[in-house]
Amino acid sequence: MRRRWTRPLDARLDDPVELLGAKAHGLVALHRLGLPVPPGFVVTTDACRAFLDRGRLPDGLRAELAAAVGELEAATGRRFGGVPPLAVSVRSGASVPMPGMMHTVLNLGLTRRATAALAAEHRDERFALDSRLRLLSTFASALTGLPAPGPGTAAECGAAATAADLARTVAAVEHDVERRYGRAIPDDAAEQLALAVEAVLASWNTPRARTYREIHGIDHGLGTAVIVQAMVFGNRDERSGTGVAFSRNPDTGENTPFGDVLFTRQGEDVVSGRSRPLPLRELGAREPAVWAALLDALRRVERHYRDACYLEFTFQSGRLWLLQARPGRFVGAAAVRLATDLADEGVITRREALLRVSPEQLRHARTPRIAPSAETSVLARGTGASPGVAVGRVATTTSAAIRMAAEGPVVLVRPETSPDDMNGLAAAAGVVTARGGAASHAAVVARAMGRPAVVGVGGLLVDPARAAIHVAGRTIEEGTVVAVDGSSGQVVLGRPLIVTDGVEAPLRQLLAWADEVSGGPSDLDEVQRLEAARAVLRGQQSD
């Protein structure tokens, strides 16, 4: 019997996460909860492994892609590359999440004919050309592995850019893509899809993806799935947008929705950090119906996972769609507070809370911070995106961070980070960016790696050519020592006094539960007290 390489994304799908990938598995969970998910299908990790072995798409996959697209056309009443136009997103989704490490292509299927049809359908040529430009930029990056040529969105062309200006930009980008890639992006939707799937599968083995897996101990042999879904246009109009949301604050564990939102933008704009997002609560003020639907989704997904959750979402003309769901994966003090709060709420037991908090998380449960002092020279302020304090010498590029880290701690300072900065992020003790919010690439990766981070520092200019940064009327040369406070959002000159918060109530509560299980603290330290309780609980489970 011939192996099947694709699966429909619906509530009936019951294949394991190792085959579907974590992103598709989360989408299936959203379907089962009755939440709004764009229709789509998944190319399995089996296909990725076969592709990597053979250097080409496995036999039968192209036919399966055509059949799956036909089902999407039937579900949406649209035509892929035709009229009325169906456009799709093509995204990676390994069984272990690797944020931003692999390629994404948006608005695929917007051929020249389909772009004209989209403009006619909505009577909005600027929107259609913006969508076509986004296709070209994300496709070019996926095909070449290089940054997208020229402006990638209408917003980057400037608010005054007319439809005629955008048409000229689209033509220029098309020409540049052909020059760099050696051929034009096909004007055939089916061929676009095959190339995009190849590019996403191949991105499993890019240097940045391999570096990420090595840092996090992820098996290189797992492969990635590819998720293909009907597009939701967050760039459609003023009542459209995109965002990311945690059900609770990932820095503190506080039971308050947390995240970023951008209006008239698409999903990559939030995570890239190139745009300055708004706090998630702004969604409630501007689109109360979308906000209410998102809060309901956060509650339902949190109940499903019995854990804090993370959602990626898009809304088009006032209607919410969910694009990704997973558990929150909190660390440090946030993990401790989350575990104790969930136990107090009756969602999990105290024993589960003790097993959820690892000794490593407990070691970081007391958060260092820069002590207030008249002698502290505050250089800049931004958004604290990953708690803790890092002290090191300023590095303005990934290559400088790697080189300088051999001689001591460095702080990587960038306009924004991208997956290509992975090696620099790994080498750095802390991170600062001029742009981006709490859900940008820099924030997400720094939080996962336990690196203190400050993002969205207004007025910060990074000048790699001169190996310097400029902020608040001052020029700071590469190599200057700074300290980064990922809780307060401060960046200060020199080596300030650093203090560590005392034992907070959630940590005291967790340790008291640990002592009840193990029989008392005796003379053990905090980590040993937790480890003793976890050993008892694991022994009881094995019995």
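Caption draft 1: Examining the overall build of the protein more closely. In terms of regular secondary structure, the protein is built from 21 helices and 25 strands. Computed over its C-alpha atoms, the radius of gyration of the protein comes to 24 Å, within 12% of the 24 Å expected for a compact globule of 543 residues. Seen through its C-alpha atoms, the protein measures out along the principal axes to roughly 75 × 60 × 50 Å. Relative to its 543 residues, the protein shows a buried fraction of 54%. In the protein, of all internal contacts separated by at least 6 residues, the share reaching a separation of at least 24 is 65%. Element-wise, carbon and sulfur atoms account for 50% of the exposed surface of the protein, whose accessible area totals about 22,200 Å². Counting 63 positive and 61 negative side-chain charges, the protein places the averaged centre of each group 2 Å from the other.

Caption draft 2: Fine view of the pattern of salt bridges. Summed over all chains, the structure comprises 34 salt bridges. Of the charged contacts in the structure, one is a salt bridge between R49 and D46, with a shortest N-O distance of 2.5 Å. Of this pair, R49 and D46 both sit in helix α3 (residues 45-54), separated by three residues, roughly a single helical turn. Taking the relative accessible area as the measure of exposure, R49 reaches 30% and is therefore partly exposed.

Caption draft 3: Spatial organisation of helix α17 (residues 398-405). Those residues of α17 that sit buried are T398, A400, A401 and M404. In a view along the axis of α17, the buried residues occupy a sector of 160°, so they form one face of it. Looking at α17, the residues exposed on the side facing more than 90 degrees away from the buried face are S399 and R403. On its buried face, α17 sits against β16 (389-395), β17 (410-414) and α18 (422-427).

Caption draft 4: Seen up close, the nonpolar core. Residues V90, M98, L108, F139, L193 and V197 are the most contacted members of the largest nonpolar core, which totals 81 residues. In terms of residue count, the dominant contributor to this core is helix α6 (residues 125-144) (10 residues). Other than its neighbours up to four places away in sequence, F139 contacts V105, L108, I185, Q192, L195 and A196. Formed by 32 residues, the second largest nonpolar core is a distinct cluster that contains L262, V336, L362 and A439.

Caption draft 5: Local environment of the pairing of strand β5 (residues 88-94). With seven of seven residues buried, β5 lies mostly within the body of the structure. Burial along β5 is two-sided: the face carrying V88, V90, S92 and A94 and the face carrying S89, R91 and G93 are both buried. Bridging between β5 and strand β6 (residues 104-108) involves three bridges; their strand directions are antiparallel. Residue pairing for β6: R91 is matched across the bridge by T104. Bridge analysis of β5 against strand β7 (residues 224-230) gives seven bridges, and the strand direction is antiparallel. Paired with G93 across the two strands is A225, which belongs to β7.

Definitions and cut-offs
Residues numbered from 1 in each chain as written. Predicted model: local features only at pLDDT ≥ 70, side-chain atom pairs only at ≥ 80, totals over all residues. Heavy atoms only, no water. Helix = DSSP H or I, 4+ residues; strand = E, 2+ residues; numbered from the N terminus. Rg over C-alpha atoms; globule rule 2.2 N^0.38 Å. Buried < 20%, exposed > 50% of the residue type's maximum accessible area, 1.4 Å probe, protein only. Contact = heavy atoms within 4.5 Å. Areas by Shrake-Rupley, 256 points an atom, 1.4 Å probe, with all protein chains shown as cover. Lys, Arg positive; Asp, Glu negative; His and termini not counted. Charge placed at Lys NZ, Arg CZ, Asp CG, Glu CD. Salt bridge = Lys/Arg side-chain N within 4 Å of Asp/Glu carboxyl O. Arc of directions from axis to C-beta. Core = buried A, V, L, I, M, F, W, Y, C linked by side-chain atoms within 4.5 Å. Pairing = 2+ DSSP bridges.

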